[in-house]
Amino acid sequence: MGIDRATDRATDRRARAGATAFYLVQGMCFAGLLAQVPTLQRGLGMSDGTLTLVLLAVPVVAGAGSVLAGALAPRTGSAVLLRLGGPLVAVAILATGLAPSVAVLYPVVAVVGLLLGVVDATMNLQGVAVERRYGRSLLSSFHGAWSVGGILGALAAVLAHSLGWSLVAGLGLVAAVAVVVDVAAGPLLLPRAAEAGDPVAATGGAAGRVPWRPLLLVGIAVTIVYLADSAASNWSTKYIEDALDGAADVAPLGLAAYLGSQMVGRLAADRPVIRFGPVLPVLAGGLLGAAGLTLVAVAPAPWAAVVGFAATGLGLSVVVPLAFSVAGRLDPDGSGAAVARVNLFNYVGFVLGAGLIGAVAEVASLRWAFAVPAVLALAVAALAPAFRVAGMRQGPPTERSTAPDVPGRR
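Every value quoted in this text rests on a predicted model; they were computed, and no experiment measured them.

A. Just unusual backbone geometry, in detail. Phi angles above zero are rare outside glycine, and D245 is one such case at about 55°. Position of D245 relative to the elements: it lies in the loop between α8 (212–243) and α9 (253–268).

In structure tokens:
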């Protein structure tokens, strides 16, 4: 029995390391591509309107990829789809730099979106399975690895520009690293047999039933978070520079503060979630996010906006990981249907954010545009009770959760 327990713990540690690697690489690929969007736009001579359509195509098609993953994962297991989809995401991102025209770019971007959706859903399926085996909160640290990867992807673009590399060379660097890491991490993932769900489901429902109401409530919270994320990611630099008269070298600090605090919040969130359960962190996070966005909207100077973006990233950082954790508990058979459904709200929020913030800024001002997600963030706090699912671990970890940590654990 001792040997079996030691073997299980070694399997869990390997799976945690493998899942962490895929989260990190996915963040790196996504941010690496976004950081090169201005270069891509100049190279193909795209107007702002055309670029908006290209960017919106990604989350729309990614939704289809998430649905596809939800249908395939019960048959193949998430590990198979991750080992195939992860490297293909890297190749598809490199292909965007090779597109000779906008007409060719559209189908390439569609493929990128489809693969991103597949990998987004399956990496969260794998993360939920690993968390289930550990018996305690891990999803926040996995998403923290995604944030670390995002920062690395942005830095890769900075490096490429500083060295005078072409768009293809810059994207090629990210793609090469991504493929190597994914191929190395693939064998560490949990196989299909080890992903089986807990038959004593949190809902006590019949096998195979995934309740819609609690998923809808946490999904609305996810949508609001990604709407705020879209506002911070796409508009923070322009807001600080144009509305607050910030210098060109100060304006990007808002986005840096948002991403940095988001990373810290996610890497540190598992311990409070284990101690207090998911409701209190979501409640506190929603209130802090609303306060941060309010400070951004009323900021008298760039420094105040930077502080506001930092508070926003820290507060809202825990919501999405916990939403996937809830989805895992609401899926009696571990089929992946609940995780795939929650993942769809990610793309809904991104699309709504891209359109709503721009529309309000056009009609009123960017200050009012940031006031909208500030009000909506209060709804995240109000939805915190929806994250209470019977059976989610609270209090001290069990013997199962005392498996030694993998290197780099936070």
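And the narrative resumes.
B. Structural detail: the packing of helix α11 (residues 279–298) against helix α12 (residues 302–316). Contact pair α11 / α12: the axes reach a minimum separation of 7 Å and the direction vectors enclose 160°. Considering the angle they form, α11 stands roughly antiparallel to α12. Of the two possible hands of crossing, α11 and α12 adopt the one that is left-handed. Only A304, A305, V307, G308, F309, A311, T312, L314, G315 and L316 of α12 make contact with α11, whose side of the interface consists of G285, G286, L288, G289, G292, L293, L295 and V296.

C. Representation of helix α5 (residues 102–134) in the model. For α5, which comprises 33 residues, the first-to-last C-alpha distance of 47 Å matches the rise-based estimate of 48 Å (1.5 Å per residue) to within 8%. Of all 33 residues in α5, 24 are buried; the element is thus mostly enclosed. Phi for G135, located one or two positions after α5, is positive at around 75°.

D. Structural detail: the environment of G97. The residue G97 is located in helix α4 (residues 78–98) in this model. Here G97 is in contact with L167, V168 and L171, once residues within four sequence places are set aside.

E. View of the side chain of Q36. Its place among the elements puts Q36 in the loop between α1 (2–34) and α2 (37–44). Taking relative accessible area as the criterion, Q36 reaches 3% and is therefore assigned buried. Polar side-chain contacts of Q36 include one of 3.4 Å to the side chain of H161. Those residues within four positions of Q36 in sequence are excluded, and the remaining contacts are A157, A160, H161, L167, G170 and L171.

What counts, and where the lines are drawn
- Residues numbered from 1 in each chain as written.
- Predicted model: local features only at pLDDT ≥ 70, side-chain atom pairs only at ≥ 80, totals over all residues.
- Heavy atoms only, no water.
- Helix = DSSP H or I, 4+ residues; strand = E, 2+ residues; numbered from the N terminus.
- Axes fitted to C-alpha atoms, helices over the stretch in contact; angles between N-to-C directions.
- Parallel < 35°, antiparallel > 145°, perpendicular 65-115°, else oblique.
- Left-handed = near helix turned anticlockwise from the far one by under 90°.
- Contact = heavy atoms within 4.5 Å.
- Expected span 1.5 Å × (residues − 1).
- Buried < 20%, exposed > 50% of the residue type's maximum accessible area, 1.4 Å probe, protein only.
- Polar contact = N/O pair within 3.5 Å; in protein donor to acceptor, adjacent residues only side chain to side chain.

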